[in-house]
Amino acid sequence: MFSLRRGVQFARRLYSTHVYDTAELARLSKTRNIGISAHIDSGKTTLTERILYYTGKIDAIHEVRGKDNVGAKMDSMELEREKGITIQSAATYTRWGDTSINIIDTPGHVDFTIEVERALRVLDGAVLVLCSVGGVQSQTMTVDRQMKRYSVPRVAFINKMDRAGANPFRVIDQLRQKLKLNAVPVQIPIGSENQFKGVVDLVRMKAYINEGGNGEMIKELDVPADLLESAKEKRSELILAVAEVDEEVGDIFLNEEEPSIEQLKAGIRRTTLAQKFVPVFVGSAYWNKSVQPMLDGVVEYLPAPHEVKNYALDISNSEEKIDLSSKSNAPLVCLAFKLEEGRFGQLTYIRMYQGTLKKGSFIVNSRTGKRHKVPRLVRMHSNEMEDVESVSSGEICALFGIECASGDTFTDGTVTFSMTSIYVPKPVISLSIEPKGKETPNFSKALQRFQREDPTFRVHIDSDSKQTIMSGMGELHLDIYIERMKREYNVECVVGKPQVAFRETITKRMDFNYTHKKQTGGSGQFAKVSGYIEVLDEETEDGRLVEFLDNTVGMNIPSNFIPAIEKGFYEICEKGVLIGHQVTGVRFVLLDGMSHSVDSSELAFRLATMYAFREAFMQANPIVLEPVMTVNLTAPVEHQGNAIGLLNKRKGTILDSEVRDEYVEVVSEVPLNDMFGFSTDLRSITQGKGEFTMEYKQHSPVMSNVQAQLIDAYKKKQSAK
């Protein structure tokens, strides 16, 4: 639920203490809810395609951007298949042995980060996919932060072992150094690059090689003689790493004994669930190698739903934290984490936390209090559906025909619980948009639908220009929606120049004492406010970056006028004084004032607050902040000088550069305002071989000359009206 306090810790702690009956425990123990997340082009969707094939869910393998024009199963949108990227997270379910696995394949591009965010919010475990050459990249770090935010245990899968320059041990070092993870291999590769054949399992000390046309058969062999010493050494390192973070394996190790296979597996599982350990698997999804052993690892080392503690807030009892069980006979609690407009109306993805949901039953939205009947209940397989009569706790499913928002909690009405909110990043880029030719109802219908589905996509009407402004996480994010409007709603759009989401703030405290007087015929306007504004360093409990405090004593200002003063403050913060952008990082403290029995009104106090704030703001050394992006640039070594020169030209600060094989990777921070047209310039100076990703980092003060230019441009725009 988005309106609840973001200050509440996203509380999910391993292990749950509820007692379950034998049948319930058997069902839950054989269920896994996992996400597959990674940096763009690490092979997430290809890996999911192989998992579905080996588990018998699909009959044939199709590639991302495949020549057969079918495309991977989980990339069901036409745009995804054209561009070869995942845009929306897609859910599916399958079985591996006797274990049911719900899988969500998430996008790797930073512009679609909300898809990863809400998937990880409802999942119990995750597979972090890494490229054996690229290693830890910018979006890997973002995904890692999201996994840590929601306390999601993970296993790592180092993919693309067939690529030239593949080096899994360098990637493991990066996991330890860059992400501070206790990552240890549980497999070592047999060969690498085009000689990659399979893996040696360090727990069982057996070699596994894929055979058959699509690698569907796994052959178990003894460890090759040339790898035996290396495998023994790596197994000793594995046992030591587990012993350091697990008490039981630690005791065995201190007694100078070697743990059995079952003891070692149990130790890895306990420490993975406690997020003290990350088992690392290796393979090549594209070449159908070593995917099945990784699937065994998902079942063996990632948690079942009842092993994760999930908390709800009891709205009727001062938002007290409630520890949810995973019992199917407990009162129903489920979370709507994703919305989609389907052929049959709104499709709502649901994660069941406790209780059982049946087709035809009634559920209550905790946010609105509305009661809904469940007309249709389905399990998703990408864009296909399977109707079911009921789903139990720990499952992921979807509903049709339920009007709600992303992040709403549903119960059976016997409890007033609400799940903690999903973190939604703020948009960083805006575009003006209008339909080409005559406006049709489809234009507003499309914008409303996209806003409902994607909390990071915002639309508003600019009060000055009367233009429709859409905001999002990046150029690609907005481009995709413009393209979808054209394809799905037959609305071609004219798009304006991108606008950066500047912010305004102050750098020192400033007192104010303002009297608003206006005398006309009859009753006039009178209001006096005094207090101060100061720098607000962190956002408030409700996620706002500005704060109003009423510290008045006595009745100089009647209490019925305080809401008008608060409204005036928040209103002027929406459109700042310097350049007309949103004000951030300011606390408004009201200390005293004065009113008149006849002339004072809500309007008078609202205007007095706005004028007082404007006056104080201009005296508090105001500055303009701009979004700064972390830019990860990869280019051939021979173009290193040109690439770094391009970043410097765009006011970039170089943080790190590393030469790997024949490529250089440069990490820098660049103002978003200077990034427009960057991809075209990068391609031209690197003969089309350079690529980059960027991710929002923070808002930082602009240079004084840039601030002067922005203020000047804003004044000219205002005087031209």
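Provided above is the structure to which this section pertains.
Keep in mind that this is a model prediction, so the values were computed, not measured.

Nonpolar side chains collect at one region of the surface, where Leu240, Phe253 and Leu254 lie side by side and expose about 300 Å² of accessible area between them. Checked against the element boundaries, Phe253 lands in helix 8 (residues 247-254).

Turning our attention to the nonpolar core. Residues Met485, Val529, Ile533, Ile565, Phe588 and Phe613 are the most contacted members of the largest nonpolar core, which totals 72 residues. Counting residues per element, this core draws most heavily on helix 14 (residues 602-619), which supplies eight residues. If near-sequence neighbours (up to four positions away) are discounted, Val529 is found in contact with Phe512, Asn513, Tyr514, Ile565, Leu590, Asp592, Gly593, Phe605, Ala608, Thr609 and Ala612. Counting 49 residues, the second-largest nonpolar core is a separate cluster that includes Met147, Phe337, Phe400 and Phe417.

To continue, consider the sheet that holds strand 31 (residues 510-518). Hydrogen bonds between backbone groups are what pair the strands of a sheet, and the pairing can be parallel or antiparallel. Across the sheet, which stays open at both edges, the four strands sit in the order 31-32-34-33 with mixed pairing between neighbours. Here the strands that pair on one side only, and so sit at the sheet edges, are strand 31 and strand 33 (546-550). Here the average twist between neighbouring strands, direction ignored, is 25°. Where strand 33 lies against strand 34 (residues 586-594), five bridges are found, and the strand directions are parallel. Its bridge partner being in strand 34, Leu549 is matched across the sheet by Val589.

Pairing is antiparallel across the open sheet formed by four strands, whose spatial order is 7-8-9-10. Two strands bound the open sheet, and with one partner strand each, they are strand 7 (187-190) and strand 10 (217-221). Pairs of neighbouring strands in the sheet enclose a mean axial angle of 30°, with direction left out of account. Of the pairings in the sheet, the one linking strand 9 (residues 206-211) to strand 10 comprises five bridges and is antiparallel in character. Paired with Glu211 across the strands is Met217, a residue of strand 10.

Over its 13 residues, helix 13 (residues 562-574) runs 19 Å from end to end, which matches the ideal 18 Å to within 8%, given 1.5 Å per residue. The set of residues buried in helix 13 consists of Ile562, Ala564, Ile565, Gly568, Phe569, Tyr570, Ile572 and Cys573. In this structure, the buried side of helix 13 is in contact with strand 32 (525-535), strand 33, strand 34 and helix 14.

This part takes up the pattern of salt bridges. Within this structure, the stated rule accounts for 36 salt bridges. The partner of Glu258 in a salt bridge is Arg235, and the shortest N-O contact between them spans 2.7 Å. Within this pair, whereas Glu258 is found in the loop between helix 8 and helix 9 (261-273), its partner Arg235 is found in helix 7 (residues 228-245), the two being separated by 23 residues in sequence. The exposure class assigned to Glu258 is exposed, which follows from its relative accessible area of 58%. The salt bridge partner of Arg270 is Asp246, with a shortest N-O separation of 2.9 Å.

What counts as what
Residues numbered from 1 in each chain as written. Predicted model: local features only at pLDDT ≥ 70, side-chain atom pairs only at ≥ 80, totals over all residues. Heavy atoms only, no water. Patch = residues over 30% accessible without salt bridge, like charges linked within 9 Å, V, L, I, M, F, W, Y side chains within 5 Å. Areas by Shrake-Rupley, 256 points an atom, 1.4 Å probe, with all protein chains shown as cover. Salt bridge = Lys/Arg side-chain N within 4 Å of Asp/Glu carboxyl O. Helix = DSSP H or I, 4+ residues; strand = E, 2+ residues; numbered from the N terminus. Core = buried A, V, L, I, M, F, W, Y, C linked by side-chain atoms within 4.5 Å. Buried < 20%, exposed > 50% of the residue type's maximum accessible area, 1.4 Å probe, protein only. Contact = heavy atoms within 4.5 Å. Pairing = 2+ DSSP bridges. Axes fitted to C-alpha atoms, helices over the stretch in contact; angles between N-to-C directions. Expected span 1.5 Å × (residues − 1).

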